[in-house]
Amino acid sequence: MSIPLITLNDGHQIPQLGLGVWQVRSNSIVPTVLTALEAGYRHIDTAAAYYNEEGVGRALKQSGIARDELFITTKLDNSDQGRARAALEDSLTKLGLDYIDLYLIHWPVPSSRDRLKAWKAMEQAQVEGLIRSIGVSNFTPRYLTEIINLGGTVPAVNQIEYHPTFQQTQLEDTNRYWGIATEAYSPLGMGSAPQNEQIKQIAKRVNKTPAQVILRWHLQAGRIIIPKSVRPSRIVENSAIADFTLTDSDIAAINGLHTGNYLGWNPEAVN
Ligand SMILES: NC(=O)c1ccc[n+]([C@@H]2O[C@H](COP(=O)([O-])OP(=O)(O)OC[C@H]3O[C@@H](n4cnc5c(N)ncnc54)[C@H](OP(=O)(O)O)[C@@H]3O)[C@@H](O)[C@H]2O)c1
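Residues numbered from 1 in each chain as written. Predicted model: local features only at pLDDT ≥ 70, side-chain atom pairs only at ≥ 80, totals over all residues. Heavy atoms only, no water.

Points about the pairing of strand β9 (residues 181-185)
Piece 1. Buried residues dominate β9, accounting for five of its five residues.
Piece 2. By the alternation rule, side chains of β9 split into A181, E183 and Y185 and T182 and A184, which are all buried.
Piece 3. Across five bridges, the pairing between strand β8 (residues 157-161) and β9 is parallel. Within β9, the position partnered with Q159 by the bridge is E183. (Buried < 20%, exposed > 50% of the residue type's maximum accessible area, 1.4 Å probe, protein only. Helix = DSSP H or I, 4+ residues; strand = E, 2+ residues; numbered from the N terminus. Pairing = 2+ DSSP bridges.)

Right, dumping it as C-alpha cells:
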C-alpha cells in the first residue's frame, strides 16, 4: 500500500490516511493499532478524550517501528484548555513518546476563551520540540480568524466532520485560503455512508467496496482521512484505495449526496 504524504504549512509531512481510534475500547486498542501498523498505516489519530492513549502507546512500542516513521496525533481535551501544557505532558506520558506529531485543540468551546491561552502554550511546546505540528479541530471560520489574529502560528490542520452527507465545502475553502490542511473526521459517516445505494452502484462498477469508493473520493479531493475500524479485514480494506480512480461523474454523484446535517455535533453547541 502506498499512502500519499501531504506537506503541511510548517513543512512537516502527514500521511493522507490514518487510523482513527475514537470508541476503540481498552481491550481492543492494542490489537487494533497493531493490525493497522502491520497493514502499512503509519498515522494514528487519538485524543485525551478517547481514553486509549496508553493502549496506543503500548501498541507503538510493541510494533518496534522507528519513531520517525510514525505520525501520531492527539488532542487537548476541552476541560484542559486552561492547563494545556500539563495536559500535553500527560498525553506524552500515556503515549510513551518524547514528542507528538500533531497536537490539536479538540473543540473551540464557545463559553470560554481559554482556547487562546492553549494555543500560546502549544506554540511554546512546539518551539521546545514537544510537538511537531499544531492545529485545531471543529474550528469554524470565526475561531480560525481569532487564532490567526493572534499573529503567531497559523494552524497546520483543521480536523472537521466531513463525509458524503455532510460536506463542509465552505469551511474547506476557508482552510485552503489560510493554507490549513483539511482533515476529514467520520469520513465514512460513522459507518452510514457505505450503505448509500448510489455509492454501492459506483462501487460495483469500479469493482471496489463502498467504503473504498468514499475514501477514494476524499483522497482525490486532497483531504486527510482517518477512518476507524476495529475489524482487521476492514482496516486492510480501508487502506487499499491507491489503485483506482473515480471519474468526474462519480465525484459529482457523491458531491450530490450532501444533506447539510451533522451526524456528530455542531461546534457552537459543545461546551
Ligand atoms: N475531532 C473530533 O471531534 C472527532 C470526532 C469524531 C471522530 N474523530 C476521529 O475520526 C475518526 C473516524 O470517525 P468515526 O469513528 O466517527 O467514523 P467513521 O470512520 O466514519 O466510521 C466508523 C464506523 O464505520 C465502520 N466501518 C469502518 N470501515 C468500514 C468499512 N470498510 N465498511 C463498512 N463500515 C466500516 C466502523 O465499524 P467497525 O469498527 O465495526 O468496523 C465504525 O462503525 C475517529 O475514530 C476519530 O479518530 C474526531
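Observations concerning the site of the ligand
Piece 1. Every one of the 29 residues lining the ligand counts as a neighbour, but D45, S186, L188, S229 and R234 are closest to it.
Piece 2. P187 is positioned with one of its backbone polar atoms (N or O) 3.3 Å from an oxygen atom of the ligand.
Piece 3. In this structure, an oxygen atom belonging to the ligand sits 3.3 Å away from a main-chain N or O atom of G189.
Piece 4. Coverage of the ligand by the protein amounts to 91% of the 910 Å² it exposes when considered alone.
Piece 5. Partitioned by chemical class, the residues of the shell around the ligand number 13 nonpolar, 10 polar and six charged. (Near = heavy atom within 4 Å. Polar contact = N/O pair within 3.5 Å; in protein donor to acceptor, adjacent residues only side chain to side chain. Areas by Shrake-Rupley, 256 points an atom, 1.4 Å probe, with all protein chains shown as cover. Nonpolar A, V, L, I, M, F, W, Y, C, P; charged D, E, K, R; others polar.)

Quick look at the packing of aromatic side chains
Piece 1. Enumeration according to the criterion identifies six aromatic pairs in this entry.
Piece 2. Here the aromatic rings of W107 and W265 are separated by 6.3 Å at their centres, their planes lie at 80 degrees, and the arrangement is edge-to-face. Taken together, the residues W107 in the loop between β6 (100-105) and α4 (114-127) and W265 in the segment after α10 (248-255) connect sequence positions 158 residues apart.
Piece 3. Residue W107 is classed as buried on the basis of its relative accessible area, which comes to 9%.
Piece 4. With a relative accessible area of 45%, W265 lands in the partly exposed category.
Piece 5. An aromatic cluster of at least three residues, connected via ring pairs, comprises W22, W107 and W265. (Phe/Tyr/Trp six-rings, centres within 6.5 Å; stacked < 30°, edge-to-face > 60°.)

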